[in-house]
Amino acid sequence: MVITRFAPSPTGRLHMGHAYSALFAESLAIVEGGKFFLRIEDIDKNRCREEHVEGIYEDLKWLGICWDSEVLFQSTRFDEYKNSINILRGMDVLYPCFCSRKRIEIEQSNVGLAPHGPGSPKYSGNCRAIESEEREDRIVKGESHSWRLDCSKASAITGELQWFDQLAGNMNMEPSILGDVIISRKDIATSYHLAVTLDDAEQGVTLISRGEDLRESTHVHRMLQCLLGLPVPQWCHHKLITNSAGKRFSKREGSLTLKEMRDSGIKAEDLRGELGF
Ligand code: GLU
């Protein structure tokens, strides 16, 4: 059975781009007589708000979207994330990164939430070369650190991998496409990449649909699935819808939220029609 999902982070109100993504995922499930799940990606306590969780429910209901079963909250899954981090450490594919606060700040703004689109600088690999004795020593002394995936060591274990995108076809995994990504942040002990990979497996998702700005991340997720022995779903990276000026909908662009559209009298069925659903 086909199982799809919508996995928003409650960092603000939903906009048209979210509506398209949610309707797209729901329609893939409906067409196949499958299931559609909702997951709240709330690992980053500094950015996520309970009120936005309520807002997500409200907006999806307004759009007429129905999700199956219980909602999965990532904030309930830290034990599972820890367990997998230990497995990956046991395989020697993670290394501690002690890089400076400033550098980590730049990186942290990218790793808690999904890295939408290319452009985030790859990590230089600075801490990869630290000898294991020194690593142990610095950890024992309490130096703060994140854990990074050594993508070349990891790909030496996994070998070549493929994944299938229902729109783009067969893809060869590119292990270093995002560099040595952070798997466990120093402040929240997981990351977007790890949490999303484990939770899609937990929810039995067979078809991961999301915007094409997350396609690069899929290479990392495919590698994690192989390392952790998780089932391999299919993907469908959909186009990103844009406004009349050709810009993507986003909070940064000050896009109208669904609530604002609703409050201004726009009808859900008209919005659905405009989005092609
Ligand atoms: N939580 C992510 C976001 O807000 C989506 C993750 C995904 O679909 O893989 O963009």
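Nothing here was measured: the structure is a model prediction, and the numbers come from that model. (Residues numbered from 1 in each chain as written. Predicted model: local features only at pLDDT ≥ 70, side-chain atom pairs only at ≥ 80, totals over all residues. Heavy atoms only, no water.)

Peer 1: An account of the site of the ligand is needed here, citing residue identities and associated values.
Peer 2: R5, A7, S9, E41, A114, H116, Y192, V196, R210 and L214 make up every residue found near the ligand. Within the side chain of S9, one N or O atom sits 3.3 Å away from a nitrogen atom of the ligand. At 2.6 Å from a nitrogen atom of the ligand is found a side-chain nitrogen or oxygen belonging to E41. The protein chains hide 88% of the 290 Å² of surface that the ligand would expose on its own. Per-class residue counts for the shell around the ligand are five nonpolar, two polar and three charged. (Near = heavy atom within 4 Å. Polar contact = N/O pair within 3.5 Å; in protein donor to acceptor, adjacent residues only side chain to side chain. Areas by Shrake-Rupley, 256 points an atom, 1.4 Å probe, with all protein chains shown as cover. Nonpolar A, V, L, I, M, F, W, Y, C, P; charged D, E, K, R; others polar.)

Peer 1: Give a detailed account of the nonpolar core, specifying residues and quantitative values.
Peer 2: One finds L60, L258, L271 and L275 to be the most contacted residues of the largest nonpolar core, which totals 32 residues. Secondary-structure elements contributing two or more residues to this core are α1 (16-31), β2 (35-40), α2 (50-63), α9 (258-263) and α10 (268-275). When residues of this core are assigned to their parent elements, the largest contribution, nine residues, is made by α1. The residues touching L60, leaving out its near neighbours within four places in the chain, are F6, L14, A22, L38, I65 and W67. One finds L88, L149, C151 and L178 within the second-largest nonpolar core, a separate group that totals 26 residues. (Core = buried A, V, L, I, M, F, W, Y, C linked by side-chain atoms within 4.5 Å. Buried < 20%, exposed > 50% of the residue type's maximum accessible area, 1.4 Å probe, protein only. Helix = DSSP H or I, 4+ residues; strand = E, 2+ residues; numbered from the N terminus. Contact = heavy atoms within 4.5 Å.)

Peer 1: Give me the lowdown on unusual backbone geometry, citing residues and values where you can.
Peer 2: Although it is not a glycine, D92 adopts a positive phi angle of roughly 60°. A positive phi is found at A189, a non-glycine position, where the angle reads about 55°. For A189, the location among the structural elements is in the loop between β8 (182-184) and α7 (192-202).

Peer 1: Explain the pairing of strand β10 (residues 234-238) to me, using residue names and the numbers behind them.
Peer 2: Taking burial as the measure, the five residues of β10 include four buried ones, the bulk of the element. The pairing of strand β9 (residues 207-211) with β10 spans five bridges and is classified as parallel. Within β10, the position partnered with R210 by the bridge is H237. For the segment spanning β9, helix α8 (residues 215-228) and β10, crossover handedness is right-handed. (Pairing = 2+ DSSP bridges. Right-handed = clockwise from strand over helix to strand, strands pointing away.)

Peer 1: Can you lay out the packing of aromatic side chains for me, pointing to particular residues and giving the numbers?
Peer 2: Evaluated as defined, the whole model comprises five aromatic pairs. An aromatic cluster is built from Y20, F24 and F277, whose rings are joined through pairwise contacts. One Lys or Arg, R148, reaches over the ring of Y123 and ends 3.6 Å from the middle of that ring. Sitting over the ring of W62, R262 keeps its end group 5.2 Å from the ring centre. (Phe/Tyr/Trp six-rings, centres within 6.5 Å; stacked < 30°, edge-to-face > 60°. Lys NZ or Arg CZ within 6 Å of the ring centre and 35° of its normal.)

Peer 1: Hey, could you go over α10 for me, with residue numbers and the actual values?
Peer 2: Here α10 has its buried residues at A268, L271 and L275. Buried residues of α10, viewed axially, fall in a sector of 65°; they line one side. Exposed positions of α10 whose direction lies more than 90 degrees from the buried face are E269 and E274. Close packing links the buried residues of α10 with α1, α2 and α9. Count one or two residues on from α10 and you reach G276, which has phi positive near 90°. (Arc of directions from axis to C-beta.)

No statement about biological role is implied by the geometric values presented.
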